[in-house]
Amino acid sequence: MATDDPKTLVSTDWLETHLKDPDLRILDASWYLPDMGRDAKADYAAAHIPGARFFDIDDISDHRSQLPHMAPPPEKFISRLRAMGVGDGHQVVVYDGAGLFSAARVWWTFRLMGKTDVAVLDGGFPKWQSEGRPIEDMPPVLRDRHITTSRQAHLVKDVTQVAAAAKLRDHEIIDARSAPRFRGEEEEPRPGLRSGHIPNSKNVPYRAVLNGDGTMLAPEALRSVFETAGVDLSKPAITTCGSGVTAAILSLAMERMGKRDHALYDGSWAEWGMYGDLKVAKG
């Protein structure tokens, strides 16, 4: 059972208890890979946790970049969140329809914008539904709310910083993709990308930090998963994955363990795998 922490992870019990709090804002941040065959917006319209707003990861992103759903510029984040009625003084809880998949990415985006009163719902919508908790199909009434941001640049890394870290080995680069993709034995789901991983990176597939029901392992068990994968937790960490979504699950896991010196490589493999002049390791 998760220890409830409104800055990282809260249980379904916690959320139901606080459902009527005037300063609570719930976000459905469901997002799926094409091969998952699900429509996040349609699912939200059919059923969501009462009062939840839909957070569109692909829309609330940097459309100036050719890369998928890169972190949004602060002014875009502000305008979208204001319109959703999410702002200063709110406790935000983010969930997704896969259990714990894309919600962590939105948790990380809030942290990047300097907002720390944000937690992921442990086990997400599947756990909430399986426990017979309330759901609705009505969109919430939205009232504009003032929101300020303060971008925390240390939480994100670009390709130049990651290339330097891979060379100097002064950070642990931790890849959340599956082991076959990491080893370069499986084709990447995005066309045109090479197979393999960033040199000197370690592999902690995101599923390794989750229980079967989509809840996150306890902090001590999480520590053991990272150590078993050969991660030196005394070094600062950079998380990476296919396109910066599941990397955030590892970021959340480290935050749960009390490890604060972690950043996310926003371009992830969608960027690294594209450029022929960046070295790729296999095996």
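Report follows, based on the coordinates. Given the structure is predicted, the values throughout are model-derived calculations rather than measurements. (Residues numbered from 1 in each chain as written. Predicted model: local features only at pLDDT ≥ 70, side-chain atom pairs only at ≥ 80, totals over all residues. Heavy atoms only, no water.)

## Let's talk about the sheet that holds strand β8 (residues 201–203)
In space, the five strands of this open sheet follow the order β6-β10-β9-β7-β8, with parallel pairing throughout. Unpaired on one side and paired on the other, β6 (156–157) and β8 mark the two borders of the sheet. The sheet contact formed by strand β7 (residues 172–175) and strand β9 (residues 237–240) spans four bridges and is parallel. Note that in β9 the partner of D175 across the bridge is T240. (Pairing = 2+ DSSP bridges. Helix = DSSP H or I, 4+ residues; strand = E, 2+ residues; numbered from the N terminus.)

## Some thoughts on the sheet that holds strand β3 (residues 53–54)
Strands sit in the order β1-β5-β4-β2-β3 across an open sheet of five strands; the sheet is parallel. Both edges of this open sheet fall to β1 (9–10) and β3, since each of them pairs with a single strand only. Two strands pair when backbone bridges link them, and strand β2 (residues 24–28) and β3 are joined in this way by two bridges, in the parallel orientation. Directly across from L27, in β3, lies its bridge partner R53. Along the sheet, helix α4 (residues 103–112) makes contact with β2, β4 (91–95) and β5 (118–121), crossing β5 at roughly 175°. (Contact = heavy atoms within 4.5 Å. Axes fitted to C-alpha atoms, helices over the stretch in contact; angles between N-to-C directions.)

## Considerations on the packing of helix α8 (residues 219–228) against helix α9 (residues 247–256)
Following both chains from N to C, one finds α8 and α9 inclined at 125°, their axes separated by 9 Å at the closest point. Judged on the interaxial angle alone, α9 and α8 are oblique. Crossing angle aside, the handedness with which α8 passes α9 is left-handed. Where α8 abuts α9, its residues P219, L222 and F226 lie against L250, A253, M254 and R256. Classifying every residue of the contact of α8 with α9 gives six nonpolar, no polar and one charged. (Parallel < 35°, antiparallel > 145°, perpendicular 65-115°, else oblique. Left-handed = near helix turned anticlockwise from the far one by under 90°. Nonpolar A, V, L, I, M, F, W, Y, C, P; charged D, E, K, R; others polar.)

## What to know about unusual backbone geometry
At H69, a residue that is not glycine, the phi angle is positive and equals roughly 30°. Looking at where H69 falls in the secondary structure, it is placed in the loop between β3 and α3 (74–83). On the basis of relative accessibility, which here comes to 5%, the residue H69 falls in the buried class. If you check the backbone angles, S268 has positive phi at about 45° while not being a glycine. Note that S268 resides in helix α10 (residues 268–272). Judged by its relative accessible area of 0%, S268 falls in the buried class. (Buried < 20%, exposed > 50% of the residue type's maximum accessible area, 1.4 Å probe, protein only.)

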